[in-house]
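# Architecture and fold: a report
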Amino acid sequence: MQIFDPTIFPILAADGLTNGAVYALLALALVLIFAVTRVIFIPMGEFVVFGTLTLASLQLGKVPGTLSLLLVLLGVAALMEAFTQFRRGQTRQGLRTLIGAGLLGAALWVLAGWIVPLKPPLAVQALLTLLLVAPLGPLVYRTVYQPLQNATVLVLLIASVALHLVLTGLALVFFGPEGSRTPPFAPGNVRLGQVTLSQQSLLVILVSALLMLGLYFFFERTMPGKALRATAVNRLGARLVGISPSSAGILTFTLAALIGGLGGMLIGPSVAMTYDSGFLIGLKGFIGAIIGGLVSYPLAAAGALLVGLIESFASFSLSAWKEVIVFTLILPVLLWRSLTTRHLPEDEE
Amino acid sequence: MTRSGSPAPARPAFPARTLLTGLAATVALLLPLILPLFQVTLLVNIAIFAIVAIGLVLLTGILGLTSFGQAAFMGLGAYTTAVLTTQAGWSPWLTLPAGFVVTGLIALFLGLITLRMQGHYLPLATIAWGMSLYYIFGNTPALGGFTGITDIPPVRLFGWSLSSPRTFAYLALVALGLVALGAQFLLSSRVGRAMRALRGGPVVAEAFGVNAFRLRVQVFVLAALLASLAGWLYAHSQRFVNPTPFSLQAGIEYLFMAVVGGSQYVWGAVLGAALITLLREWLQNLLPALIGAQGNFEVIVFGVLIILTLQFAPRGLWPLLERALPQSGVRLLPQRSRLPGRAMPQPGTPLLQVAHAVKQFGGLRAVNDVSFELRAGEILGLIGPNGAGKSTMFNLITGVAPATSGQVIFAGRDITRLSAEQIHRLGVARTFQHVHLLPDLTLLANTMLGGYARGKAGMVASLLHLERGEEAALQHEALRQLQRVGLGEQAFTLAGNLALGQQRILEVARALVADPTLLLLDEPAAGLRYGEKMELAALLRRLRDEGVTVLIVEHDMDLVMNLVDRLVVMNYGERLAGGTPAEIRANPAVREAYLGVDLTEDLAGGAA
């Protein structure tokens, strides 16, 4: 077979590993979100899309629509929060919430309006992208999922699908139907023997590995990380020792949006991202997450790498059937997972 | 004889609800004549989408299985008729059953694979095969690729060609009417009650003889066939097919229709289909002008709408509307026959024998070599402190979790390895420690679920209401048992309105409808007030005197000591003692186990 040709195989493998590394990051975020909040977060891929396309807008010196979304969500979230506080009779806190959100929004708006037309260097643009994308996570949690905190997994899933449609539609409004690429952070190639690899793909793999290591330390060594793990193991128990499920949810979604935005900038140079690419990217992360049973981080990461490799080889030999192969693959995995997962017969949530 | 004894059901003299349905149907049938042509096309689409959404009500709203993949099944029906009519020259009336066969087989295959999955795995699987089928439609040259198949012939009926939307609307509306009627029939039948019971998890349904997996597959295939019918209608109304209307996105929209309208109500599906279709039409004109670009921006509004619905009206919009409508009365069917009864065993003969039962959970022996015997016509109490293994023992007998080793014999048959469903059919009925009722149904309907295993009517008979004779017999049997436990007066109120003590008694009535030779009660007194406990004890004594054999697992010493004929005491998974209440009261080992006299070291040594 042609894919085993010594000049082609390493290229496909490197491609697969590069994409797989990003899928692995997404898979980790998905496992984290599910474990802490029971949300199956279908819109994960949209954070990736917003990451790439926000950076692409900044490259053109345009203020991205992400800012408007951020401001609207901030407004809605602040109103919801203030409403709860007013109802509890905490008038001062409520006012403080509203004023704080107003100031924050104004500051972001002024900052973006001032800095974007200057076309700052790539690193500054990347930071600004993260500043615009990462807050979407907690805001989305506050507005969509927190009111549904006690709903079943299936209701949360339907909400996720709805949110996915909203974000995709908004991405079309903000960024238009054309695809965009972002410049690589590390231009140039490296020759390893006969094979030429782009420095960017090496960077992607390196950053992903570092990020996973960082997450590992976060969960093992820091108090917020341990609090999240406690919530994942037993929500009621965590609550009893003073960990609020809402703040755990907000922290989780912040991490997820951060990972998504970063993933978008990493994968941006190699994939022409359009407003609707997020779903497929997210689903591929999902297959990895499901291989890990939505609970195991190492298995999820390994599964996502595998998905990246399969996709890379399938797109070379059977490009039209690439998606069919990737998505049909999920069925045996799901079956295996649901047969091996221990199921509590009664009195579950 | 029973009719005179039963209280008159709260049935309005004027069946307002039926009249209203008739009125709605008449208006619907007049619409194709009076609406402008474009809106007639919309009406056709609403009817078609409502058929898919009704399938989702059965599958998701009632049975609790979420599917995002219904559009793919619709595509199977549409593509079958498109290929066979354009390339093989078949009549559309032959391609409809052909579509059913194709869709049915593929749904059966997918169902057999995916319906073993639990919880959230199934919806994810539907996303996966929803996408796969879409790409298969688009990538297969014989199906016209992404351009699709054109020139599909119109449906012909009695020499008429239904090529204009006005005539086709009647076909679509009649199809919708039949589907809605069938779905209502199904929901008010034996199978419908089993479907509702299954929603809360398989344990309750299986305890009353429902084969959970089989029922899931049946409903899944039924929902797929409804989607296939909708696909057939869609292909012949559009006269061409391409993959777009059968994409995952469309599948998601069908689910939205059901959720917005009210996923537990047949009319909710119709309402949802109408709302979403009309809203999309309106938004598709409005939004691009507003935004100044082309694109399907209506999904933004749909998504927000769904999130708001989930947050503020989790049961959908139909229940809000239904409040304003007249309530439909419960109709008691005239009884023609009685359900066949079971031969009761001779009092005093061994009915249940547990021999050297062991249940191992990893390193823990929850039940360790326990043996006891239960004789017909007695009340046996199984007691013990917390963690003694009583509930595990209960699960061994009822087949919820089979024994690791040892034997359970019921009425001379080895039931150690049988499923809960099979054991129930041999004459074992149970109640639950945590009450498992359907709060939205009447006491009568809840009680009738207990007689599931005594009925035979299947899916098809239920859809067509051919099982009314059996249903009548079941209704009257349920009413008899409600009167037997003293709840006859409230037969037509909703189970959710009862106090906990009455709910427990309702569970006893439900178990009695199964005509059991053995009644198993799992901590029936938990959470009851003193008076309620006394009522429960009086009822159980009366049942024993009427010949029912009872095994009761209980914490409450007062209740047990004054009720049972014999007791078996368990501690640390082992049998500690057995005998009459007086013997047990005098037993020092039992007192130690319960009162914690300082002999714990000895006991721990003995259990290890």
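Helix and strand content of chain B: 25 helices and 12 strands. Judged by the C-alpha coordinates and their principal axes, chain B covers about 90 × 55 × 45 Å. Considering chain B as a whole, with its 608 residues, one finds that 51% of them fall into the buried category. Put simply, 75% of the contacts in chain B that link residues at least 6 apart link residues at least 24 apart.

Each helix and strand counted, chain A has 14 helices and 2 strands in total. Computed over the C-alpha atoms, the radius of gyration of chain A is 21 Å, within 12% of the 20 Å expected from 2.2 N^0.38 for a compact globule of 349 residues. Overall, chain A is about 70 × 60 × 35 Å in size when its C-alpha atoms are taken along their principal axes. For chain A, the residues scored as buried account for 46% of the 349 residues in total. Here the contacts in chain A between residues at least 6 apart in sequence split such that 77% fall between residues at least 24 apart.

Residue and element names in this part refer to chain A. With their axes 7 Å apart at the nearest point, helix H2 (residues 44-59) and helix H11 (residues 245-267) run at an angle of 50 degrees to one another. Comparing their axes, H11 and H2 come out oblique. For the pair H2 and H11, the crossing hand works out as right-handed. Facing Met-44, Phe-47, Val-48, Val-49, Phe-50, Gly-51, Thr-52 and Leu-55 of H2, the residues of H11 in contact are Ala-256, Ala-257, Gly-260, Gly-261, Leu-262, Gly-263, Gly-264, Met-265 and Ile-267. Its residues assigned to classes, the contact of H2 with H11 comprises 11 nonpolar, 6 polar and no charged.

A few words now on the confidence of the model for chain B. Residue and element names in this part refer to chain B. Looking at chain B, the pLDDT average stands at 86 and 95% of residues meet or exceed 70. Predicted confidence is poor over residues 1-10, with pLDDT under 50, and the contacts of this stretch with residues over four places away or in other chains come to 16 contacts. Within the model, pLDDT remains below 50 along residues 599-608, and this stretch shows 4 contacts once partners closer than five positions in the same chain are excluded. Here the predicted complex carries an ipTM of 0.86, next to a pTM of 0.87.

Turning to the interface of chain A and chain B, a few remarks are in order. Every contact between the two is made by 40 residues of chain A and, on the other side, 38 residues of chain B. When contributions to the side of chain A that touches chain B are tallied by element, the ones reaching two or more residues are helix H7 (153-175) and helix H14 (322-340) of chain A. Tallying contributions element by element places H7(A) first for the side of chain A that touches chain B, with 16 residues. When its residues are assigned to classes, the side of chain A that touches chain B shows 30 nonpolar, 6 polar and 4 charged.

A positive phi angle, close to 65 degrees, is found at Arg38(A), a residue other than glycine. Following the sequence through the fold, Arg38(A) ends up in the loop between helix H1 (9-37) and H2.

Here we come to the packing of helix H6 (residues 136-145) of chain A against H11(A). Residue and element names in this part refer to chain A. Packing of H6 against H11 brings their axes to within 7 Å, and their N-to-C directions diverge by 135 degrees. Looking at the two axes, H6 sits oblique to H11. Between H6 and H11 the crossing geometry is right-handed. Of the residues in H11, those in contact with Leu-136, Gly-137, Pro-138, Val-140, Tyr-141, Arg-142 and Tyr-145 of H6 are Gly-249, Ile-250, Phe-253, Thr-254, Ala-256 and Ala-257. Of the residues in the contact of H6 with H11, the class split is 9 nonpolar, 3 polar and 1 charged.

Moving on, we get to H11(A). Look at H11(A): 32 Å from first C-alpha to last across 23 residues, which is about the 33 Å you get at 1.5 Å a residue. Of all 23 residues making up H11(A), 18 are buried, and the element is well covered by its neighbours.

All right, on to the sheet that holds strand S12 (residues 574-579) of chain B then. All names here are of chain B. Spatially, the 6 strands line up as an open sheet ordered S8-S9-S10-S5-S11-S12, and their pairing is mixed. Only two strands of the sheet have a single neighbouring strand rather than two, namely strand S8 (428-430) and S12. Geometrically, the sheet is characterised by an average inter-axis angle of 20 degrees between neighbouring strands, direction not taken into account. As paired strands, strand S9 (residues 518-522) and strand S10 (residues 549-553) are joined by 5 bridges and run parallel to one another. What sits directly across from Asp-522, in S10, is Val-553. With respect to the sheet, helix H15 (residues 390-398) is in contact with strand S5 (379-383), S8, S9, S10 and strand S11 (566-571), its orientation differing from that of S9 by roughly 150 degrees.

Moving on to helix H8 (residues 190-199) of chain B. Along H8(B), 9 of the 10 residues are buried, which leaves the element largely enclosed by surrounding structure. Backbone geometry just downstream of H8(B) places Gly201(B) in the positive-phi region, at approximately 115 degrees.

Residue and element names in this part refer to chain B. Strand order in the open sheet formed by 4 strands is S4-S3-S6-S7, with antiparallel pairing between adjacent strands. Lying at the two open borders of the sheet, with one neighbouring strand each, are strand S4 (364-375) and strand S7 (413-414). Bridge analysis of strand S3 (residues 350-361) against strand S6 (residues 405-410) gives 5 bridges, and the strand direction is antiparallel. Bridged to Leu-352 within S6 is Phe-410. Most of the contacts of H15 go to S4, to which it runs at about 60 degrees, and overall it touches S3, S4 and S6.

Next up on the list: the environment of Leu12(A). Along the chain, Leu12(A) falls in helix H1. When the C-alpha positions of Leu12(A) and Glu311(A) are compared, they lie 9.5 Å apart, and in sequence the two are 299 residues distant.

All names here are of chain B. Here Gly-192 is to be found in helix H8. Here Gly-192 falls in the buried class, since 21 other C-beta atoms lie within 10 Å of it. Each C-alpha atom of the pair Gly-192 and Leu-444 lies 14 Å from the other, and the pair is 252 residues apart in sequence. Excluding its chain neighbours within four sequence positions, the residues that come into contact with Gly-192 are Leu-186, Leu-187 and Ser-462.

With that out of the way, let us pick up the pairing of S9(B). Residue and element names in this part refer to chain B. With 5 of 5 residues buried, S9 is to be regarded as a mostly interior element. Along S9, one buried face is formed by Leu-518, Leu-520 and Asp-522 and the opposite face, lined by Leu-519 and Leu-521, is buried too. Pairing geometry for S8 and S9, over 3 bridges, is parallel. Each residue of the ladder has a partner; that of Ala-429, found in S9, is Leu-519. A crossover connection joins S9 to the parallel S10 through helix H21 (residues 530-545); in handedness this β-α-β unit is right-handed.

Here is what the cut-offs are and how they apply
- Residues numbered from 1 in each chain as written.
- Chains lettered and ligands numbered in written order.
- Predicted model: local features only at pLDDT ≥ 70, side-chain atom pairs only at ≥ 80, totals over all residues.
- Helix = DSSP H or I, 4+ residues; strand = E, 2+ residues; numbered from the N terminus.
- Buried ≥ 20, exposed ≤ 12 C-beta atoms within 10 Å, placed from the backbone.
- Contact = placed C-beta atoms within 7 Å.
- Rg over C-alpha atoms; globule rule 2.2 N^0.38 Å.
- Axes fitted to C-alpha atoms, helices over the stretch in contact; angles between N-to-C directions.
- Parallel < 35°, antiparallel > 145°, perpendicular 65-115°, else oblique.
- Left-handed = near helix turned anticlockwise from the far one by under 90°.
- Nonpolar A, V, L, I, M, F, W, Y, C, P; charged D, E, K, R; others polar.
- pLDDT = per-residue confidence, 0-100.
- Expected span 1.5 Å × (residues − 1).
- Pairing = 2+ DSSP bridges.
- Right-handed = clockwise from strand over helix to strand, strands pointing away.

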